[in-house]
Amino acid sequence: MFNVNKIIVLLFFVFLCLSVFFLIKDFNTDESLKGYYKIYLYFFLILSLLFLIAIILNKKFKIYVLVIFCSLVSSLYLFEFYIFKKGDIKFLK
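Residues numbered from 1 in each chain as written. Predicted model: local features only at pLDDT ≥ 70, side-chain atom pairs only at ≥ 80, totals over all residues. Heavy atoms only, no water.

Caption draft 1: Representation of the nonpolar core within the structure. By size, the foremost hydrophobic cluster in this structure holds 14 residues, and its most contacted members are Ile8, Leu11, Phe15, Phe51, Leu66 and Phe69. At the level of secondary structure, the elements contributing two or more residues to this core comprise α1 (4–27), α2 (38–55) and α3 (59–86). No other element matches α1, which puts 6 residues into this core. (Core = buried A, V, L, I, M, F, W, Y, C linked by side-chain atoms within 4.5 Å. Buried < 20%, exposed > 50% of the residue type's maximum accessible area, 1.4 Å probe, protein only. Helix = DSSP H or I, 4+ residues; strand = E, 2+ residues; numbered from the N terminus.)

Caption draft 2: Main features of the packing of aromatic side chains. Across all of its chains, the model carries 5 aromatic pairs by this definition. A centroid spacing of 6.2 Å and a plane angle of 70° characterise the contact between Phe61 and Tyr64, whose relative ring orientation is edge-to-face. In this pair, Phe61 and Tyr64 are both assigned in helix α3, 3 residues apart and thus about one turn of the helix distant. Since its relative accessible area comes to 40%, Phe61 is described here as partly exposed. Feature note: the residues Phe15, Phe51 and Phe69 constitute an aromatic cluster, connected by ring pairs. (Phe/Tyr/Trp six-rings, centres within 6.5 Å; stacked < 30°, edge-to-face > 60°.)

Caption draft 3: Fine view of the packing of α2 against α3. Their axes nearest at 9 Å, the elements α2 and α3 cross at an angle of 155°. By the angle class used here, α2 and α3 are roughly antiparallel. Handedness of the α2/α3 crossing: left-handed. Facing Leu47, Leu50, Phe51, Ala54 and Ile55 of α2, the residues of α3 in contact are Lys62, Val65, Leu66 and Phe69. Its residues placed into classes, the contact of α2 with α3 shows 8 nonpolar, no polar and 1 charged. (Axes fitted to C-alpha atoms, helices over the stretch in contact; angles between N-to-C directions. Parallel < 35°, antiparallel > 145°, perpendicular 65-115°, else oblique. Left-handed = near helix turned anticlockwise from the far one by under 90°. Contact = heavy atoms within 4.5 Å. Nonpolar A, V, L, I, M, F, W, Y, C, P; charged D, E, K, R; others polar.)

Taken by themselves, the reported measurements are silent on function.
Right under this line is the structure:
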């Protein structure tokens, strides 16, 4: 079986590093792109906080957090794939 604690801690550090990356990238871009990466920064900060909280939970809730996270990510990618294949759906004009 896999070690849930190692996976949770690894995901926490990955999302925290991604948050720092997008923060640095947002500040180092030219003036026209200032704030463009802010949504990514917030997204990865929220995910890193979620996994930081999951570190202190018991094993059963850690597994639930991982299952919910994996289902959410896979469903978002499937939805993106559907939009890409459909081709004529435009959210913004």
